[in-house]
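Residues per chain are reported as follows:
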Amino acid sequence: MPVSESPVSRLPVPLALATRVLPLLPLQILLGICLREIRARHPRIFDRLGPHTAKRYGLAPTDLPIAFVLEPRRMNPRVTVVRTLPANIDARIAGTLSALIGMTDGSYDGDALFFSRDIEIDGDMEAVVALRNAIDDSRVDFLHESVAWFGPLAAPIERILRGIVGAESRTRDDSGVAVGGNTWN
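About the cut-offs
Residues numbered from 1 in each chain as written. Predicted model: local features only at pLDDT ≥ 70, side-chain atom pairs only at ≥ 80, totals over all residues. Heavy atoms only, no water. Helix = DSSP H or I, 4+ residues; strand = E, 2+ residues; numbered from the N terminus. Polar contact = N/O pair within 3.5 Å; in protein donor to acceptor, adjacent residues only side chain to side chain. Expected span 1.5 Å × (residues − 1). Buried < 20%, exposed > 50% of the residue type's maximum accessible area, 1.4 Å probe, protein only. Contact = heavy atoms within 4.5 Å. Pairing = 2+ DSSP bridges. Axes fitted to C-alpha atoms, helices over the stretch in contact; angles between N-to-C directions. Phe/Tyr/Trp six-rings, centres within 6.5 Å; stacked < 30°, edge-to-face > 60°. Patch = residues over 30% accessible without salt bridge, like charges linked within 9 Å, V, L, I, M, F, W, Y side chains within 5 Å. Areas by Shrake-Rupley, 256 points an atom, 1.4 Å probe, with all protein chains shown as cover. Salt bridge = Lys/Arg side-chain N within 4 Å of Asp/Glu carboxyl O.

(A) Up close: the side chain of Thr104. Considering the arrangement of structural elements, one finds Thr104 in helix H3 (residues 97-105). Of the polar contacts made by the side chain of Thr104, one reaches the backbone oxygen of Ile101; its length is 2.6 Å.

Printed below as a string of structure tokens:
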């Protein structure tokens, strides 16, 4: 149960409700393109995972009626959109879409989200820590990278998506530390 003073925003209810009836295939295709593009620009992104590249991670946005299964294999990584997570995942990370995205770009501290109960983690904790370290080391803003392939439309699409999910744009300094946006002061 999230803490009442949580800085993590939730998706608007009408958008979440619309997701219940939308077909998953278009989203699946878009996510596949995004993952391929990210991997093409950052080919070593999953190297830090070591033996955990064979794991299946369930990402469950608590404010959406869909979830994602991430398989960060080195040669053919895949993300699958599902209505409910399958039972055979190795680790599950659940939280609002904003929290999940914010952890990837450094907007939110994963430890703070975990201890404030804004995210829940089940399963192989070692795999989750490896995934977190791989994401932190990659210095990749996944939302920014996911829309880069839209070319000149990327910036406005990114602004719209950040507005919808409540994730502020963050940049990283030379040491890889996220700066700007939300802070934990």
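(B) View of helix H2 (residues 24-41). In this model, H2 (18 residues) spans 26 Å end to end at C-alpha, consistent with the 26 Å of a helix rising 1.5 Å per residue. By the burial criterion, the buried members of H2 are Leu24, Gly32, Cys34, Leu35 and Ile38. Here the buried face of H2 lies against strand E3 (78-82) and helix H6 (142-147).

(C) Spatial organisation of the sheet that holds strand E2 (residues 67-71). Pairing in this open sheet of five strands is mixed, and the strands run E3-E2-E1-E4-E5 from one edge to the other. Lying at the two open borders of the sheet, with one neighbouring strand each, are E3 and strand E5 (119-123). If you compare each strand with its neighbour and ignore which way they point, the axes differ by 20° on average. Relative to E3, E2 runs antiparallel, the two being bridged by five bridges. Of the residues in E3, the one forming a bridge with Val69 is Thr80. H2 rests against E2 and E3 of the sheet, and its axis sits at about 160° to E3. Against the sheet, H3 engages strand E1 (57-61), strand E4 (91-95) and E5, with an angle of about 115° to E4.

(D) Geometry of helix H7 (residues 154-165). The first and last C-alpha atoms of H7 sit 16 Å apart over 12 residues, in line with the 16 Å expected at 1.5 Å per residue. The inward-facing, buried residues of H7 contact H3 and H6.

(E) Inspection of the environment of Arg39 at higher detail. In this structure, Arg39 sits in helix H2. Expressed as a C-alpha distance, the spacing of Arg39 and Glu145, which sit 106 residues apart in the sequence, is 9.9 Å.

(F) Structural detail: the packing of aromatic side chains. Summed over the entire model, instances satisfying the criterion amount to two aromatic pairs. With centroids separated by 5.2 Å and ring planes inclined at 75°, the aromatic side chains of Phe114 and Phe115 adopt a geometry described as edge-to-face. Given a relative accessible area of 32%, Phe114 falls into the partly exposed group. The class of Phe115 is exposed, set by a relative accessible area of 66%.

(G) Focus on a nonpolar patch on the surface. Taken together, Leu15, Ile160, Leu161 and Ile164 make up a surface patch of nonpolar side chains, about 290 Å² in accessible area. By secondary structure assignment, the location of Leu161 is in helix H7. Taking relative accessible area as the criterion, Leu161 reaches 31% and is therefore assigned partly exposed.

(H) The arrangement of the pairing of E4 in detail. Burial of E4 is extensive: four of the five residues sit out of reach of the surface. When E1 meets E4, the two strands line up parallel, connected through five bridges. When the bridges of E4 are listed, Tyr57 appears paired with Ala91. Pairing analysis gives five bridges linking E4 to E5, with the strands arranged antiparallel. Bridge pairing in E5 places Arg92 opposite Asp122.

Don't take any of this as a statement about function, it's just geometry.
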